[in-house]
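Coordinate analysis (summary)
Listed here are the chains, written in short residue letters.
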Amino acid sequence: MEINAQTRLCILIGNPVKHSVSPQIHNSAFQALGLNYVYLAFRVIDLEGAVRGIKALGIRGASVTIPYKEKIIPLLDELDDLAQKIGAVNTIVNEGGKLIGYNTDGLAVYQSLCAYGFEPKDKKIILLGAGGASRAIAFVLAQKLGSGEMIIFNRTFERAKNLAQEIKAKLKANVRAMSLDDALLAQEIKTAKILINATSLGMTPEVEKTPIPKNLLHSDLCVFDIVYNPAKTRLLSEAEKIGAKIIAGIEMLVRQAGEQFRLWTGKPAPLELMFEKGRSALEKITKQDLTS
Ligand code: NAP
């Protein structure tokens, strides 16, 4: 696709952004569908200026990453209902000068679970972590629980407790909070079907870390680690060895981008290609990390 005077721009705003693989994922999708769009990453220091720039330049949309997912909210014109509940935005759509905020992170986890045959309805889910990613996941899964339940475990218990209370107040779902403690995990995991790691434990460079001892895992579990670097974390390797089903962090990464693509272009995302590009871009980053 030739870049010309009609090319529409989508951007990433965050800080840092230099290791992001979103440009490879989105640009490959635009090209595959013959869409006259490009995607570029911007390391942003002046957030207000960047948001004014999106309007002033007619930029079609933006991905929003750390540290701006919450800070951007007061700068937008409208919020989608889910983003409002979560209190964080990872996607902006510019509709004729009106900036609308969405959050596609939690939906991506729900879609991944369904794609692997683990529809959350009526299941017991253990969610590790109560940070930004966990919030987005918890709000979406709580809406899909049916008669199931979700327990949020976090190192800082207060954060898990506040999140569970907020979800209960907003969605009336069966959600509890616990401290990230092996004895408590051991009690609860026996009857759980889905375990999601949304802590940063196990992420490069601390790849030897894991949020749960391997002897607590069982083969009736689906273990989803949202950490995507390394591609297979210690948690996933240990879960795979004992016969549990595993879902890697790339699933969330690509599917949240797929939803952004749909919001910006109105077309379904070419997910297979986005997975392929995402995987190869992450492999390159891992090699760079190892050599630098
Ligand atoms: P965050 O807001 O900083 O939250 C970090 C979470 O990890 C908190 O719950 C924190 O617990 C916990 N944690 C950190 N160090 C810990 C330790 N040593 N022991 C126990 N718990 C610890 O980060 P985030 O944005 O939610 O991201 C979390 C992870 O998800 C990161 O690895 C990120 O790369 C990954 N992620 C992946 C995707 C994807 O698309 N696959 C998307 C977003 C994020 P406390 O509350 O006690 O500090």
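Rules behind the numbers
Residues numbered from 1 in each chain as written. Predicted model: local features only at pLDDT ≥ 70, side-chain atom pairs only at ≥ 80, totals over all residues. Heavy atoms only, no water. Helix = DSSP H or I, 4+ residues; strand = E, 2+ residues; numbered from the N terminus. Rg over C-alpha atoms; globule rule 2.2 N^0.38 Å. Contact = heavy atoms within 4.5 Å. Lys, Arg positive; Asp, Glu negative; His and termini not counted. Charge placed at Lys NZ, Arg CZ, Asp CG, Glu CD. Near = heavy atom within 4 Å. Polar contact = N/O pair within 3.5 Å; in protein donor to acceptor, adjacent residues only side chain to side chain. Areas by Shrake-Rupley, 256 points an atom, 1.4 Å probe, with all protein chains shown as cover. Axes fitted to C-alpha atoms, helices over the stretch in contact; angles between N-to-C directions. Left-handed = near helix turned anticlockwise from the far one by under 90°. Nonpolar A, V, L, I, M, F, W, Y, C, P; charged D, E, K, R; others polar. Core = buried A, V, L, I, M, F, W, Y, C linked by side-chain atoms within 4.5 Å. Buried < 20%, exposed > 50% of the residue type's maximum accessible area, 1.4 Å probe, protein only. Domains from an automatic or database assignment. Arc of directions from axis to C-beta. Buried area = accessible area lost by both parts, 1.4 Å probe. Salt bridge = Lys/Arg side-chain N within 4 Å of Asp/Glu carboxyl O.

Let's shift gears to the overall build of the protein chain. The number of helices and strands found in the protein chain is ten helices and twelve strands. A globule of 292 residues ought to have a C-alpha radius of gyration of about 19 Å, and the protein chain, at 19 Å, matches this closely. C-alpha atoms of the protein chain, sized along the principal axes, occupy 60 × 45 × 35 Å. A separation threshold of at least 6 residues defines the contact pool for the protein chain, and within that pool the share at least 24 residues apart is 70%. In the protein chain, which carries 37 positive and 30 negative side-chain charges, the distance between the mean positions of the two groups comes to 1 Å.

All right, on to the site of the ligand then. With respect to spatial proximity, 22 residues lie near the ligand, and among them Ala133, Asn154, Thr156, Arg159 and Ile226 are the closest. Note that an oxygen atom of the ligand is positioned 2.8 Å from one of the backbone N or O atoms of Ala133. Thr156 is positioned such that a nitrogen or oxygen atom in its side chain is 2.5 Å from an oxygen atom of the ligand. Relative to its free-state accessible area of 920 Å², the ligand is covered by the protein chains to the extent of 77%.

To characterise two packed helices, one gives the angle between the axes of the helices and the distance between these axes. For the pair helix α4 (residues 105-115) and helix α9 (residues 250-265), interaxial distance at closest approach is 8 Å and the crossing angle is 115 degrees. Here α4 and α9 pass one another in a crossing that is right-handed. In contact with Asp105, Leu107, Ala108, Val109, Gln111, Ser112 and Ala115 of α4, α9 contributes Glu251, Met252, Arg255, Gln256 and Glu259. By residue class, the composition of the contact of α4 with α9 is five nonpolar, three polar and four charged.

Once that is clear, we can look at the nonpolar core. Core analysis: the largest hydrophobic core is formed by 35 residues, its most contacted members being Leu113, Ile152 and Ile196. At the level of elements, α3 (81-86), α4, β7 (124-128), α5 (132-143), β8 (149-154), α6 (157-171), β10 (194-197) and β11 (222-225) are the ones that each hand at least two residues to this core. Take this core: its biggest share by element is seven residues, from α5. Three or more residues apiece are contributed to this core by two domains, here domain 1 (8-103 + 252-291) and domain 2 (106-248).

Glancing now at the side chain of Thr199. Inspection of the secondary structure puts Thr199 in the loop between β10 and β11. Within the structure, the side chain of Thr199 is placed 3.1 Å from the backbone nitrogen of Leu201, a separation counted as a polar contact. Those residues in contact with Thr199 that lie beyond four places of it in its chain are Leu128, Gly129, Pro211 and Val227.

What helix α7 (residues 182-189) keeps buried is the set Leu185, Glu188 and Ile189. Along α7, the residues classed as buried sweep out an arc of 90 degrees about the axis, all on the same side. Those residues of α7 hidden inside the fold are in contact with β7, β8, β9 (175-179) and β10. Two or three places before Ala183, at the opening of α7, Asp181 has a side-chain oxygen 3.0 Å from that residue's backbone nitrogen.

Each assigned domain of the protein chain is listed here: domain 1 (8-103 + 252-291) and domain 2 (106-248). Each of domain 1 and domain 2 was reduced to a C-alpha centroid, and the two centroids are 25 Å apart. Listed as interface residues are 13 residues of domain 1 and, on the opposing side, 22 residues of domain 2. Together, the buried faces of domain 1 and domain 2 total about 1,500 Å²; carbon and sulfur atoms form 64% of this surface. Interface area lost by domain 1 to domain 2 is led by Lys85, Met252 and Arg255, which between them contribute 45%. The tally of links between domain 1 and domain 2 comes to zero salt bridges. For the side of domain 1 that touches domain 2, the secondary-structure elements that each account for two or more residues are α3, α9 and α10 (271-291).

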